[in-house]
Amino acid sequence: DEVRQKYVKDKRLGEGTYAVVYLGHLKNDPSSSVAIKKIKVNAEYKDGLAMDAIREVKYLQELSHPNIIALHDVFSSKDQNLSLVLEYLPRGDLEMLIKDVNIHYGVADVKAWMGMLARGVWFCHENFVLHRDIKPNNLLIGSDGEVKLADFGLARSFADPNYNMTHQVITRWYRPLELLYGARQYSGAVDVWSMGMVFAELLIRIPFVAGNTDLDQISKICEAFGTPTEENWPGVTQLPNYIPSDRNVPLQGREFFLRQFPIAGPVGAELLMSMCALDPRKRTTALQALRHSWWTTEPKPTKKEDLPRKA
Ligand code: ADP
């Protein structure tokens, strides 16, 4: 095993759907820490998973930014398994913080976490990479409190605008309507929607739109934010899986967002609203989001070293 020539595995950290993760260190530097992610490739899924793994590798290696997990090394063995040596992020993820009732946090903390998320997403998009699976569980926290985008398994370049991309991406609750309607050509706007859903969840500490099925997700989004029509979203009825709605809920405005997310304040609620535009062309971009006045509105974002952390 090639990994063993350079790294030592110390203990198992956890297991995901397609990988086992170990804590390890460089053989010649016992004080170093790395996460070694071994992608499980079983015969049944070999081709698909190998492709995902290769994409993960390709895009991660190109992206170097404080809010994106660093990829130190990649090893593939003869049996087609793949090992990624990643930056070790020991402080869990945003999902753990949201769910832990013993952790108290406020809007200044949310502002700090969202700022780090927005900068990571902006950097990806600036480099023509979509993350496509942004959710609290994929936002890992470094020892210095920095939030980092991880799990680029589904990431893919959108440099070729004519490329038909598979729409079965993004965990359902964080998926925008254009993907649920089967759009094959999409943009960074998908990540911005997911970022909006993370923002909402950080504020209310439960997922804002939690559908049980894709159809349920569609109806819950329409009920919450409004029904898409040709008037408010030109072209929506032409999407492959578009379903006409029997109810016509008007698009929600500022008052709705402020009522649902009072702790965001009027400026924060306005930023959230701009991330939740149903028409992806009307949705804010990561860059526009970063230029929003919410970041400089009081309270200021918490310094990363002062952010609440898991016990
Ligand atoms: P999933 O995202 O499905 O939970 P992963 O395969 O990405 O699974 O990771 C499995 C577990 O390993 C995670 O829940 C996390 O606890 C841990 N882990 C993953 N990556 C890292 C890392 N870079 N640093 C520290 N722990 C990690």
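Reading the values: the criteria
Residues numbered from 1 in each chain as written. Predicted model: local features only at pLDDT ≥ 70, side-chain atom pairs only at ≥ 80, totals over all residues. Heavy atoms only, no water. Axes fitted to C-alpha atoms, helices over the stretch in contact; angles between N-to-C directions. Helix = DSSP H or I, 4+ residues; strand = E, 2+ residues; numbered from the N terminus. Left-handed = near helix turned anticlockwise from the far one by under 90°. Contact = heavy atoms within 4.5 Å. Nonpolar A, V, L, I, M, F, W, Y, C, P; charged D, E, K, R; others polar. Near = heavy atom within 4 Å. Polar contact = N/O pair within 3.5 Å; in protein donor to acceptor, adjacent residues only side chain to side chain. Areas by Shrake-Rupley, 256 points an atom, 1.4 Å probe, with all protein chains shown as cover. 1 Å grid on protein atoms, 1.4 Å probe; cavity = no way out; pocket = protein on both sides within 12 Å on 5 of 7 lines; lining within 4 Å. Points joined across faces, edges and corners; volume = space filled by probe spheres on them. Pairing = 2+ DSSP bridges. Buried < 20%, exposed > 50% of the residue type's maximum accessible area, 1.4 Å probe, protein only. Expected span 1.5 Å × (residues − 1). pLDDT = per-residue confidence, 0-100.

**Q** Can you help me understand the packing of helix α6 (residues 189-204) against helix α9 (residues 265-275) in this one?
**A** To characterise two packed helices, one gives the angle between the axes of the helices and the distance between these axes. For the pair α6 and α9, the least separation of the axes is 8 Å and the interaxial angle reads 145°. Regarding α6 and α9, the two cross each other, and that crossing is left-handed. Mapping the contact onto sequence places V192, W193, M195, G196, F199, A200 and L203 in α6 and G268, L271, L272 and M275 in α9. Along the lines of polarity and charge, the residues of the contact of α6 with α9 split into nine nonpolar, two polar and no charged.

**Q** Which parts of the structure should I look at to understand the site of the ligand?
**A** Around the ligand sit 17 residues in total, of which G16, K37, E87, L89 and D151 are the nearest. Between D151 and the ligand, the recorded distance is 3.2 Å, taken from a side-chain N or O atom to an oxygen atom. Across the complex, the protein chains shield 76% of the 540 Å² of accessible surface that the ligand would expose by itself. Counting residues per element, the ones that place at least two in the shell around the ligand are β1 (7-15), β2 (19-26) and β3 (29-39).

**Q** Could you clarify how one ought to interpret empty space enclosed by the protein in this entry?
**A** Left-over empty space is what a probe sized like a water molecule reveals as it rolls over the atoms. Enumeration according to the criterion identifies one cavity of 30 Å³ or more in this entry. Taken as a whole, the largest cavity spans an internal volume of roughly 30 Å³. Taken together, the residues of the lining of the largest cavity sort by class into six nonpolar, no polar and one charged.

**Q** How should the pairing of β1 be read in this particular structure?
**A** In summary, the side chains of a regular strand alternate between the two faces of the sheet. Sheet topology note: the β1/β2 ladder contains seven bridges and is antiparallel. Following the sheet pairing, R12 is matched in β2 by Y22. The antiparallel hairpin formed by β1 and β2 contains three residues in its connecting segment.

**Q** Just to check I follow, could you spell out the environment of P207 for this structure?
**A** As for its position among the elements, P207 is in the loop between α6 and α7 (214-225). Judged by relative accessible area, P207 falls into the partly exposed class, the value being 24%. Along the backbone, P207 and L13 are 194 residues apart, and their C-alpha atoms lie at a distance of 26 Å.

**Q** Quick question: what am I supposed to make of helix α4 (residues 107-126) here?
**A** For an α-helix, the turn length of 3.6 residues means that residues three or four places apart are oriented alike. In this model, α4 (20 residues) spans 28 Å end to end at C-alpha, consistent with the 28 Å of a helix rising 1.5 Å per residue. Counting buried residues along α4, 17 of its 20 residues qualify, which places the element largely inside the surrounding structure. At the C-terminal side of α4, F128 shows a positive phi close to 60°.

**Q** What is the right way to look at α7 in this model?
**A** Taking 1.5 Å per residue as the helical rise, α7 with its 12 residues ought to reach 16 Å, and the 16 Å between its terminal C-alpha atoms agrees with that figure. What α7 keeps buried is the set D216, Q217, I218, I221, C222, A224 and F225. The first or second residue beyond α7 is G226, which carries a positive phi of 125°.

**Q** Mind showing me how you'd approach the confidence of the model for the protein chain here?
**A** One rule of thumb: low pLDDT means the predicted coordinates there are not for detailed reading. When pLDDT is averaged along the protein chain, the result is 89, and 87% of the positions lie at 70 or above. Taken together, the stretch residues 156-162 has pLDDT below 50 and engages in 20 contacts with residues farther than four places along the chain or on a different chain. The ipTM assigned to the predicted complex is 0.96, against a pTM of 0.92.

**Q** Could you clarify how one ought to interpret the environment of W173 in this entry?
**A** Along the chain, the position of W173 falls in the loop between β9 (156-157) and α5 (177-180). Note on W173: relative accessible area 34%, which makes it partly exposed. Contacts of W173, omitting those with residues within four sequence positions, involve M197, P207, V209, A210, G211 and Q217. Engagement of the side chain of W173 in a polar contact is seen with the backbone oxygen of G211, the distance being 2.9 Å.

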